[in-house]
Amino acid sequence: MKSIVFILLAVILLVISLGFAIPIGISASRRGMNAIGWAVLAFFTWIVGLLFFLFNIQPVNTDTLCPVCGNLIPMNHVYCPFCGHRD
């Protein structure tokens, strides 16, 4: 009986840990952050990792189209790296 309770508790803790790690890892990946590092941190620290992530979150990496050449300009560029057009 004790082994069933122990296994059930271990499964519940694993599900909770994955419930923190997977969404944080996906969000970090979309933002160009270290997804594996953030997921591991959240897996082991739960609420603390979530709060630390929320305080260090970066904007979603969205590229824009150059109006001159039509290539994608990374969001951190002022000039188009392909044609030199300034936004």
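Conventions we followed
Residues numbered from 1 in each chain as written. Predicted model: local features only at pLDDT ≥ 70, side-chain atom pairs only at ≥ 80, totals over all residues. Heavy atoms only, no water. Helix = DSSP H or I, 4+ residues; strand = E, 2+ residues; numbered from the N terminus. Rg over C-alpha atoms; globule rule 2.2 N^0.38 Å. Buried < 20%, exposed > 50% of the residue type's maximum accessible area, 1.4 Å probe, protein only. Patch = residues over 30% accessible without salt bridge, like charges linked within 9 Å, V, L, I, M, F, W, Y side chains within 5 Å. Areas by Shrake-Rupley, 256 points an atom, 1.4 Å probe, with all protein chains shown as cover. Salt bridge = Lys/Arg side-chain N within 4 Å of Asp/Glu carboxyl O. Core = buried A, V, L, I, M, F, W, Y, C linked by side-chain atoms within 4.5 Å. Contact = heavy atoms within 4.5 Å. pLDDT = per-residue confidence, 0-100. Axes fitted to C-alpha atoms, helices over the stretch in contact; angles between N-to-C directions. Parallel < 35°, antiparallel > 145°, perpendicular 65-115°, else oblique. Left-handed = near helix turned anticlockwise from the far one by under 90°. Nonpolar A, V, L, I, M, F, W, Y, C, P; charged D, E, K, R; others polar. Polar contact = N/O pair within 3.5 Å; in protein donor to acceptor, adjacent residues only side chain to side chain.

Caption draft 1: Region of the structure containing the overall build of the protein chain. Of regular secondary structure, the protein chain possesses 3 helices and 2 strands. Counting helices and strands in the order they occur from the N terminus, the protein chain gives α-α-α-β-β. Rg of the C-alpha trace for the protein chain: 20 Å, well past the compact-globule value of 12 Å for 87 residues, more than 25% over. Seen along its three principal axes, the alpha-carbon backbone of the protein chain occupies a region of about 70 × 20 × 15 Å. Looking at the protein chain residue by residue over its 87 residues, the buried ones come to 18%.

Caption draft 2: Region of interest: a nonpolar patch on the surface. Together, Leu-8, Leu-9, Ile-12, Leu-13 and Ile-16 make up a nonpolar patch on the protein surface, roughly 420 Å² of accessible area in all. You can see Ile-16 is positioned in helix α1 (residues 2–30). Exposure remark for Ile-16: the relative accessible area of 32% places this residue in the partly exposed category.

Caption draft 3: Inspection of the nonpolar core at higher detail. Counting residues in each nonpolar core, the largest one holds 7 residues, listed as Phe-20, Ile-24, Ala-28, Met-33, Trp-38, Ala-42 and Phe-53. Of all the secondary-structure elements, those providing two or more residues to this core are α1 and α2 (35–45). What Ala-28 contacts, discounting residues up to four positions off in sequence, is Met-33, Asn-34, Ala-35, Trp-38 and Phe-53.

Caption draft 4: Here's a closer look at the confidence of the model for the protein chain. Across the protein chain, the average pLDDT comes to 90, with 98% of residues at 70 or higher. Ranking the elements of the protein chain by mean pLDDT puts strand β1 (residues 64–65) last with 84 and α2 first with 96.

Caption draft 5: How the structure looks around the packing of α1 against α2. Between α1 and α2, the least distance of the axes is 7 Å, while the angle of their chain directions is 155 degrees. With respect to α2, the element α1 is oriented roughly antiparallel. The crossing of α1 and α2 is right-handed. Contact residues: α1 offers Leu-14, Ser-17, Leu-18, Phe-20, Ala-21, Ile-24, Gly-25, Ala-28 and Ser-29, while α2 offers Ala-35, Trp-38, Ala-39, Ala-42 and Phe-43. Among the residues making up the contact of α1 with α2, the classes are represented as 11 nonpolar, 3 polar and no charged.

Caption draft 6: Main features of the environment of Asn-34. As for its position among the elements, Asn-34 is in the loop between α1 and α2. For Asn-34, a relative accessible area of 51% puts it in the exposed group. Here Gly-37 takes part through its backbone nitrogen, which lies 3.1 Å from a polar atom of the side chain of Asn-34.

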